[in-house]
Amino acid sequence: MPDQTFKLNGKTVTVDTDDDVRLLWVIRDLLGVTGPKYGCGINVCKACTSHYNGKAFNPCSVQVKDIKPEDEITTIEGLADTVEGDGLHPMQDAWLKYDVGQCGYCQPGQIMAAVAKVRQCQAEGREVDDSAIEEIRNMCRCGTYNRIREAIKDGAQNM
Amino acid sequence: MPAHRAGTTTQLDPVEKSGTGRSPVNRRRFLGYLIAAPTLVVAAEMARETVWPESSPWASVANAAALPSPPQTPEYYEFVDSYRDACRPTNALLKVEVNKDGTVSFALPRSDNGQGIQTSFAMIIAEEIGCDPANVKVTLADARPELLFNQLTGGSSSTYSLYTPVRVAAAIAKGALLEAAAQQLGQDKRTLTVAGQTVVDTTGKAIGFGDLTTLAASPVTKAVDVVLKPREQFKVIGKPRNKDDQYAIVTGQKKFAMDLQIPDALPTMICRAPDLNGFPKKGDPSNIDEVRNMPGVEGVARIGNGWAVRARTFGQCIDAVNALQVNWNAGTLAGKSDADVVKQLRAAELPLAVPAVPGKTIEQDFVHYSRNGSALETNCAIVSFKNGKAEVWAPAKSPISGQKIAAQKLGIPQNAVDFHVIPGGGSFGRRLFNDSIQEAAEAAKAFGKPVKLMWDRANDCRQGRVKPLCTTRVRAVLTDDAVASFELRYTGVGMEVDEGLTDVLTSQLIKAPGGNLGVSETFWEISVLTPYNFGVNTRFMNEVNMGFNTGSTRNVYGPDTCTAREVMIDKIAERLKKDPMKFRTEFIKTERARRVLERVAKEADWGKSMEPGTAQGIGFHQEYKAVMACIVELDARPETVNRPIVKGKTGPRVTKLTFVVDPGLLINPNGYKAQMMGGINDGIANALTAGLHFDNGHFLEASWDNYYYTRQWNTPPEINIIVLEDSESPEPAGAGEAGVAAAMSATVNGWRRATGQEPTYTPLLHKDPLPFEPYPTIPPIPPSPTNSLEFLY
């Protein structure tokens, strides 16, 4: 089996597995980083949302061979380290402020999606409003959507 | 009695005469509770709790026009009462422990799947002891068979059933600490107080809980008399508090079952049949050797209804499952579709008793299509089986049954199974059943190796349990200004009940009026209510077992029967030429309910002018000791209905929602409001978009882009949830399922008023052309795409 090398949360990792294994399973089952969750495996529920070179993507739907050694993969576990200081990312703080999570299963993906959506809006000069938030497809079966909205708008203020 | 794990910390045994602020009434209550034989206590408390004084918030409202309806069972004895009674004999086995590090801990015999009960019980314990809830660690107890009925999570009963017993246990712990401190300090116990995690005397001298806990331990078990803190002195209960695992959630540290790293427990998935409940024909799959040699695959074995694959990664399980060439037997409903099911239910409908009177009668008929019971975390369990002993890790709401099932499948005694209850990624009823635990036990035995078994999403939707299809019929006979009779009939595909809950209900059957009802009928009798004065009032149900995999899904009979009732009430109000809100406030039975209705009308500005194609809608519901009313503003204009969302279901939208709930004694406003929010999003989905299509022996829906639970583009942009903080009701109401019914019925009523159409089924958009191409059933799991990098944002 070939060696697969990439950067995961700031550290270079190498895994010996087949080319077509989806990145989600490499991260979860082989590297033991379990923040990104399985919810469908077909890029619908978005529970595994993480960042590929700073942009949102879904590792359930990427083969590990398509990730290059210099590519930076950031999961929820590495998000706080992408900002300065010892604290959390402002979006994580906003999630705490609004007590968003219920079961919490989707929330790592929700937060990673929210951060990427806010960055996208900022880059495009758009407001982070309801219509921008409604582009986020991440499923929450507990129904925390309304607190997610409040938290995204609040977190965006500090990004 | 099977052994369970002993705590590693010092056990505080009960001591005599502890507690503060005693009053004669409370004192009698809890003395009786602790020392009397369980059955006698049940009887005594029953009598006290079921007779409401005239001044009680439940007392009936007098009304000139309304014809009083006789009391119905849930008005005085609901499911949550039944469950609380079933728990009473074992409540004394629940122990609050004080640890040597000064913290307090409690192993909660319930399952937390996001309801926040670990947080609220930490608050309840901290309140009683007088310490900081941050220093109270509430974990989920391993399966404890000696608890009998008292380790089951369902029916929004957790807080209601355990509120008082946990307070009693905490009060006993506090009393023991004060006693020990009094001896150490040479002071009268009554002069001591708790501050932080210490006991302090009047001079300010303090001793930590950690130093006291060994001294407080009693060598013998004694009866105790505790008095609980009066409500007026509460400092923690009623104050908003974040969920205790919120930090772990936002940092990705929270561990769900599939996140646990158990040695050698490799990913395991099951190849399932194309038909619902189909199963493999005899013999191996033709290519089994080939599949065994696929990358990462460690084993392939026949279990239950399918073939299990154990591999290095779940991705490799999916590939191997899809590669298996299995010959399948037909399922339990081969060739059948929804129309066949409806036809069979129609034939089973019970007759309405009061004859229709021409010109005075309104009739209504609904089909409520099946709803998906999946949580976001699919069914899953880890089982490790070695040397005749097993260990299970799973999100389970009925873990004692789960332990028994695992033991049976492994062929070992129940007490040879250690069953760890892991926080679940949602439940909504699903985790009341131990399907995945049974399969994981079978797979662990077949492979002779530990397994981390997880269902794939498509089969979690298609083969997993659903809230089954049902019909509701209502007939109302009117007078000139009132309702003479109101009859409700529910006919459904059999709603399965887990073994643990069956035992609870069976143990309580004798208490339901009418005597020896079946399990479902009992649940119906103690949960379904018509809370209005509508003269002759009948409510009956009938269920037909057809071979579906079913279970409750965020409420049992409530949402559909509430919707049937509340839509009918709008029709009656129209016939009597009354405003639907005013009509409800005139005919509602209790003052407590009327207050909630009046408040929601005020908050939502009921009756305000609305654009054509938009309308307000009301729904009211009373269950789990909570009273709820909801007003939606629904927009059914074409520009809203047809708003473009790729692969998303749009349709009419609730643009604003106002919800008022009287929660009884409110423990954690943050948590209660969160549960209402979740229930509201369920209710909107149930009303508009979330239904399953059963076609040719299987469900078509296989993902969240087929089954339309509420998404960001469906949820109301404006939502206002008001949790009343001054309820006069003395006990904490249920929360988990409570919000669904009022929101669902308000949404259907809003749609009816906005579109001018008469609804005859839910979800309202169910018969729109199927907006997706169903995934094939062979291979059983849709393969994972490879193109996510093309859609970066």
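Just so we're clear, the structure is a prediction, and the values are computed from it rather than from any experiment. (Residues numbered from 1 in each chain as written. Chains lettered and ligands numbered in written order. Predicted model: local features only at pLDDT ≥ 70, side-chain atom pairs only at ≥ 80, totals over all residues.)

Draft legend 1. Spatial organisation of the interface of chain A and chain B. Chain A puts 61 residues into the contact, and the matching count from chain B is 58 residues. Of all the elements in the fold, those that place two or more residues in the side of chain A that touches chain B are helix H1 (23-30), strand S4 (55-57), helix H2 (76-79), helix H3 (90-97), helix H4 (107-124), helix H5 (130-133) and helix H6 (145-157) of chain A. The element best represented in the side of chain A that touches chain B is H4(A), accounting for six residues. Partitioning the side of chain A that touches chain B into residue classes produces 29 nonpolar, 19 polar and 13 charged. (Contact = placed C-beta atoms within 7 Å. Helix = DSSP H or I, 4+ residues; strand = E, 2+ residues; numbered from the N terminus. Nonpolar A, V, L, I, M, F, W, Y, C, P; charged D, E, K, R; others polar.)

Draft legend 2. Just the nonpolar core, in detail. All names here are of chain B. Counting 278 residues, the largest nonpolar core has Ile125, Leu177, Val383, Val392, Cys630 and Phe659 as the members making the most contacts within it. The element that contributes the greatest number of residues to this core is helix H6 (residues 158-185), accounting for 15 residues. Beyond its immediate sequence surroundings of up to four residues, Cys630 is in contact with Val600, Gly619, Leu657, Phe659, Ala742, Ala743 and Ala746. (Core = buried A, V, L, I, M, F, W, Y, C linked by C-beta atoms within 7 Å. Buried ≥ 20, exposed ≤ 12 C-beta atoms within 10 Å, placed from the backbone.)

Draft legend 3. Main features of the sheet that holds strand S22 (residues 483-493) of chain B. All names here are of chain B. Taking strand neighbours across the sheet as the criterion, the five strands line up as S23-S22-S21-S14-S30 in an open arrangement whose pairing is mixed. The open sheet terminates on both sides in strands that have one partner only, identified here as strand S23 (536-544) and strand S30 (761-762). The pairing of strand S14 (residues 361-368) with strand S21 (residues 470-478) spans eight bridges and is classified as antiparallel. Within S21, the residue paired with His368 across the bridge is Cys470. (Pairing = 2+ DSSP bridges.)

Draft legend 4. Summary view of unusual backbone geometry. All names here are of chain B. Each neighbour pair has its own omega, and for Thr762 with Pro763 the value is -5°, a cis peptide bond. For Pro763, the position within the fold is in the segment after S30. With an omega of -5°, the peptide bond between Ile778 and Pro779 qualifies as cis. Backbone geometry at Lys577 places phi at a positive 60°, although glycine is not the residue there. Take Lys577: it is sitting in the loop between helix H17 (558-575) and helix H18 (580-587). In this model, Asn696 sits at a positive phi of 55°, which is unusual for a non-glycine residue. Tracing the backbone shows Asn696 in the loop between strand S27 (694-695) and strand S28 (698-699). Assessed through the 13 C-beta atoms surrounding it within 10 Å, Asn696 is described here as partly exposed.

Draft legend 5. Examining the packing of H17(B) against H18(B) more closely. All names here are of chain B. Running from amino to carboxyl end, H17 crosses H18 at an angle of 100°, the nearest separation of the two axes being 9 Å. The angle between H17 and H18 places the two elements in the roughly perpendicular class. In this structure, H17 contributes Ile569, Asp570 and Ala573 to the contact, and H18 contributes Pro580, Phe583 and Arg584. Class assignment of the residues belonging to the contact of H17 with H18 gives a composition of four nonpolar, no polar and two charged. (Axes fitted to C-alpha atoms, helices over the stretch in contact; angles between N-to-C directions. Parallel < 35°, antiparallel > 145°, perpendicular 65-115°, else oblique.)

Draft legend 6. Seen up close, the sheet that holds strand S26 (residues 653-662) of chain B. Residue and element names in this part refer to chain B. If you walk across this open sheet you meet the four strands as S24-S25-S26-S29, and the pairing is mixed. Strands with a single pairing partner mark the edges of an open sheet, and in this sheet they are strand S24 (614-623) and strand S29 (718-723). Direction aside, neighbouring strands of the sheet carry axes that sit 10° apart on average. Of the strand pairs in this sheet, S26 and S29 are connected by six bridges, and their pairing is parallel. Opposite Val661, over in S29, you have Val723 as the bridge partner. Contacting S26 and S29, helix H21 (residues 669-688) runs over the sheet at an angle of about 130° to S29.

Functional significance is not addressed by these values, which are geometric in nature.
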